[in-house]
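Structural overview for review
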Amino acid sequence: GNKETPILQCHGEMDPMIPVQYGAMTAEKLKTIVSPQNVTFRTYPGLMHSSCPQKPKLNMFEHV
């Protein structure tokens, strides 16, 4: 069914709520559930547990 769904996971490196290592572990687990080449994990230096209108500005179609 959904094994070919692309996943983009982003994580702030300064996240005090969920350490970036947990985000990386989640990405590795996702690679066992969906096709590994469809999982992209990105970290953002200085970004905490929030979103920012300026960062990241992502073109969602770049990752599909």
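Quick caveat, the model's predicted, so the values are computed rather than measured. (Residues numbered from 1 in each chain as written. Predicted model: local features only at pLDDT ≥ 70, side-chain atom pairs only at ≥ 80, totals over all residues. Heavy atoms only, no water.)

**Describing the pattern of salt bridges**
Counted by the stated rule, this structure contains 1 salt bridge. Salt-bridge contacts for Glu-28 lead to Lys-31; the nearest nitrogen and oxygen are separated by 3.3 Å. A residue pair is termed a helical-turn pair when its members lie 3 or 4 positions apart in one helix, as Glu-28 and Lys-31 do in helix α1 (residues 20–33) at 3 residues. Taking relative accessible area as the criterion, Lys-31 reaches 30% and is therefore assigned partly exposed. (Salt bridge = Lys/Arg side-chain N within 4 Å of Asp/Glu carboxyl O. Helix = DSSP H or I, 4+ residues; strand = E, 2+ residues; numbered from the N terminus. Buried < 20%, exposed > 50% of the residue type's maximum accessible area, 1.4 Å probe, protein only.)

**Some words on the pairing of strand β1 (residues 7–12)**
Note: β1 against strand β2 (residues 39–44), 6 bridges, orientation parallel. Opposite Ile-7, over in β2, you have Val-39 as the bridge partner. Read as a crossover between parallel neighbours, the route from β1 over α1 to β2 is right-handed. (Pairing = 2+ DSSP bridges. Right-handed = clockwise from strand over helix to strand, strands pointing away.)

**So, the side chain of Ser-35**
Turning to its location among the elements, Ser-35 is positioned in the loop between α1 and β2. Not counting residues up to four positions away in its chain, the partners in contact with Ser-35 are Lys-3 and Glu-4. (Contact = heavy atoms within 4.5 Å.)

Everything listed here is a matter of coordinates, which is why it stays silent on function.
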